[in-house]
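The residues making up each chain are set out below.
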Amino acid sequence: MKSRDCKKDFPFFSNESITYLDNAATTQKPQVVLDAVNAYYTHYCSNTHRGSHDLGNQATIAYEKSREVIAQFIGAESRELVFTRGTTEAINLVAQSFVAGNFSTVLLSHLEHHSNILPWQMHGLNIEVIPMDDNLNIDIEGFHELLQENPKSFVSITHISNAFGIINPVKELIALAHEYECVVLIDGAQALAHTTIDVKDINADFYAVSAHKVYGPTGIGALYGKYELLSQMPPYQGGGSMIKDVTFHDATFLDPPLRFEAGTQAIAQVIGFAAAVNYLSSIEDSQSHDKELMDYAKSELKRIDNVILYSEAENVCGNISFTLHGIHHDDIAILLSKQKIMLRSGHHCALPIMRTLGIEGTVRLSFAIYNSKEDIDLTIEALYKAIKMLS
Amino acid sequence: MSIKEDIENLAFELELFDDVMDKYEYIIEMGKSLKDLNAKYKTEIYRVQGCQSQVWLHAYVKKGQIRYEADGDALIVRGLIAMLIRIYSKRSREEILQSEISDLEVLGLSEIITAGRQNGIASMLKRIYDYAKEVHDA
C-alpha cells in the first residue's frame with residue numbers, strides 16, 4: 001500500500017477533522033493495531049509465561065511471536081529484544097544494569113533528548129558532549145579526539161534528533177567508538193518510524209525504541225542488546241516470572257530477555273506493537289513519502305518572511321523545526337491549534353541544545369505516513385493568519 | 001465587584017466572539033496593551049516556572065490590598081496575564097482566598113484551566129494564591 005492511501009486506516013481521522021503534525025511526540029493508531037489489542041482483551045486475555053492452561057499458552061505465544069516480529073523488523077534475534085515501557089525505560093535499564101559501576105564517562109551528542117541525558121546524570125556518571133558543526137551535525141574529528149581522551153567509555157547517541165530531524169551517521173560513529181573499546185547505545189525513538197534499522201549492520205551494542213511513535217500503543221517499547229552483553233547484566237527489576245528459583249535469602253534468574261521482564265508485562269501493548277510494525281512494513285513508500293513532505297514543507301516555510309529554519313542540512317527526516325523572528329513559538333502553536341492544526345512548540349525535551357543555540361524553543365512540524373501536502377498547505381495558511389495576528 | 005463577578009463579566013466579553021480566532025485576537029490585544037513589568041522584577045526570583053513560555057510576577061501590598069503586576073515573553077500569555085491581573089489585583093487576601101481557581105473555568109480558556117499542565121499561567125495562578133496565603137497585612 002502507498003502512504004497516500006493509508007489515512008483511511010486511522011479511525012482518529014474519520015472522527016476528528018484535525019491536521020495532526022505532532023508525530024514526533026506520538027502517532028495516531030491504525031485500526032489493525034486497535035483490533036489486535038482488542039482481540040487480546042476480548043478473546044484470549046490471560047497472563048503469559050506462567051500456568052499451564054490453554055489461554056495462557058495462547059497469550060504467551062502471541063507475546064513471543066510479537067517479540068519475533070519486532071526483533072526481525074530491526075534486524076535482531078528474538079532473544080536480544082527486551083520489552084520495556086519505552087525508549088526512556090530502555091535507556092534507564094542500560095544505565096542501571098550495565099553502565100553504572102562499570103563506566104565512569106558517557107559521551108553524548110548535543111542533540112540528545114532529556115531521556116538520554118538524565119539516566120546517566122542520575123547514576124552520577126561524568127558526561128562529555130561530542131562537538132558539532134554549524135549544521136548541528138556531529139563533528140567526526142571532534143568525536144575522534146573525545147574518544148582518544150576517553151577510551152573505554154560508554155557512548156549514547158540519538159539516531160534521529162527529535163527536535164531537528166538530523167540523522168546521525170550511526171554506523172560510522174559506532175565503528176569509530178568501537179576502535180576505542182567503547183560500548184554504544186543508539187536512541188532510536190524517532191528512527192523506528194522513519195528509517196530502516198538493522199542493528200547488526202550498524203553494529204550497535206544497544207538500541208532503544210518506543211512503539212507509540214510508530215503507530216503502536218503507548219507504554220511499550222524495546223531494548224535491543226547484543227546477547228553477550230545482556231547475559232552479563234543483572235536484572236533491572238525483581239518480580240514475577242523472571243526467576244529460576246527463589247528462597248527468602250537468594251534467587252537465580254532466567255536468561256535474557258525474560259530476566260529483564262519482571263512482573264506481568266504490557267501484553268496487549270506488545271501485541272499491538274507487533275501489529276503496528278507489520279502495518280508499517282506494508283507501506284511501500286513510507287521513507288520517500290517522508291522526504292517528499294520534508295522537502296515540500298521546507299520550501300514552503302522558506303517563503304515566509306523572518307522564518308529561521310533549523311533543519312537545513314541534507315540529512316534530515318521526520319521533523320522540521322523553525323522559529324519566526326520576533327514571534328514567540330508558543331503563540332504560533334496556540335493559534336495554529338485554534339485552527340485545528342496540532343503541532344509542537346517549545347524545547348522538545350532537549351533543553352541543552354536550545355541553550356547552545358541561544359533559543360527558548362522552536363515550532364516543530366513532524367510527519368507520519370498519513371500526512372499529505374494538503375496538511376502542509378493548511379498549516380502554512382494558518383501560519384500566515386497567526387503571523388498577521390501577532391505582528 | 002467580587003472576583004466571581006469579575007470572572008463572569010470577562011466570560012461574557014469573550015462569549016461575544018463567534019469565531020474563536022476573533023477571541024484570540026482580543027486576547028492578543030490585551031497582551032499588547034499589558035504594561036511592561038519594570039526590568040528589576042524580570043529576574044530569576046520573580047520568574048514563574050513554566051514549560052512553554054516565561055512569566056514574571058511581582059506581588060506587593062498597598063493600602064491594605066494585594067497588588068499583582070506581571071509580564072510574559074509570549075503575546076497570548078501576556079493577554080492571559082492581563083486577565084488574571086484584572087481579576088485578582090487590588091483585592092484583600094480574604095477575597096482571593098475565598099475564591100476558587102475552578103471559578104475560572106467559565107472563561108473556557110484551556111490555556112488557563114488545563115489541570116497539571118506545566119505552563120506559566122497555571123504556575124502564576126498558584127503564586128497568586130500562595131502570596132495571598134503568606135501575606136499578613138492585606
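Here the structure is a predicted model, which means the values were calculated and not measured.

Draft legend 1. Looking closely at the overall build of chain A. The number of helices and strands found in chain A is 15 helices and 15 strands. Relative to the 2.2 N^0.38 estimate, which gives 21 Å for 391 residues, the radius of gyration of chain A is 22 Å and therefore close to what a compact globule would have. C-alpha atoms of chain A, sized along the principal axes, occupy 70 × 55 × 35 Å. With 391 residues in all, chain A has 51% of them scored as buried. Contacts in chain A between residues far apart in sequence, at least 24 positions, make up 68% of those at least 6 positions apart.

Draft legend 2. How the structure looks around the pairing of strand S2 (residues 81-84) of chain A. All names here are of chain A. Of the two faces of S2, the one carrying Leu81 and Phe83 and the one carrying Val82 and Thr84 are both buried. In this structure, S2 lies alongside strand S8 (residues 221-225), joined through four bridges in antiparallel fashion. In the sheet register, Thr84 faces S8, and the bridge partner there is Gly221.

Draft legend 3. Region of the structure containing the sheet that holds strand S3 (residues 105-109) of chain A. All names here are of chain A. Ordered by their spatial adjacency, seven strands build an open sheet running S2-S8-S7-S6-S5-S3-S4, and the pairing between neighbours is mixed. In the strand order of this sheet, the two ends are held by S2 and strand S4 (126-130), each with one partner. The mean angle between the axes of side-by-side strands here comes to 20°, regardless of whether they run parallel or antiparallel.

Draft legend 4. Structural view of the interface of chain A and chain B. Listed by partner, the interface residues are ten residues for chain A and 14 residues for chain B. Elements supplying a minimum of two residues to the side of chain A that touches chain B: helix H13 (329-338), strand S14 (344-346) and helix H15 (373-390) of chain A. A total of five residues in the side of chain A that touches chain B trace back to one element, the largest contributor, which is H13(A). Split by residue class, the side of chain A that touches chain B holds four nonpolar, three polar and three charged.

Draft legend 5. Broad picture of the domain arrangement of chain A. Residue and element names in this part refer to chain A. Along its sequence, chain A is carved into domain 1 (33-281) and domain 2 (285-390). Inter-centroid distance (C-alpha atoms) of domain 1 to domain 2 is 29 Å. Residue composition of the side of domain 1 that touches domain 2, by class: ten nonpolar, ten polar and one charged.

Draft legend 6. Geometry of the confidence of the model for chain B. Averaged over every residue, the pLDDT of chain B is 89; residues scoring 70 or more account for 93%. Here the prediction assigns the complex a pTM of 0.94, and the interface score ipTM is 0.90.

Rules of the game
Residues numbered from 1 in each chain as written. Chains lettered and ligands numbered in written order. Predicted model: local features only at pLDDT ≥ 70, side-chain atom pairs only at ≥ 80, totals over all residues. Helix = DSSP H or I, 4+ residues; strand = E, 2+ residues; numbered from the N terminus. Rg over C-alpha atoms; globule rule 2.2 N^0.38 Å. Buried ≥ 20, exposed ≤ 12 C-beta atoms within 10 Å, placed from the backbone. Contact = placed C-beta atoms within 7 Å. Pairing = 2+ DSSP bridges. Axes fitted to C-alpha atoms, helices over the stretch in contact; angles between N-to-C directions. Nonpolar A, V, L, I, M, F, W, Y, C, P; charged D, E, K, R; others polar. Domains from an automatic or database assignment. pLDDT = per-residue confidence, 0-100.

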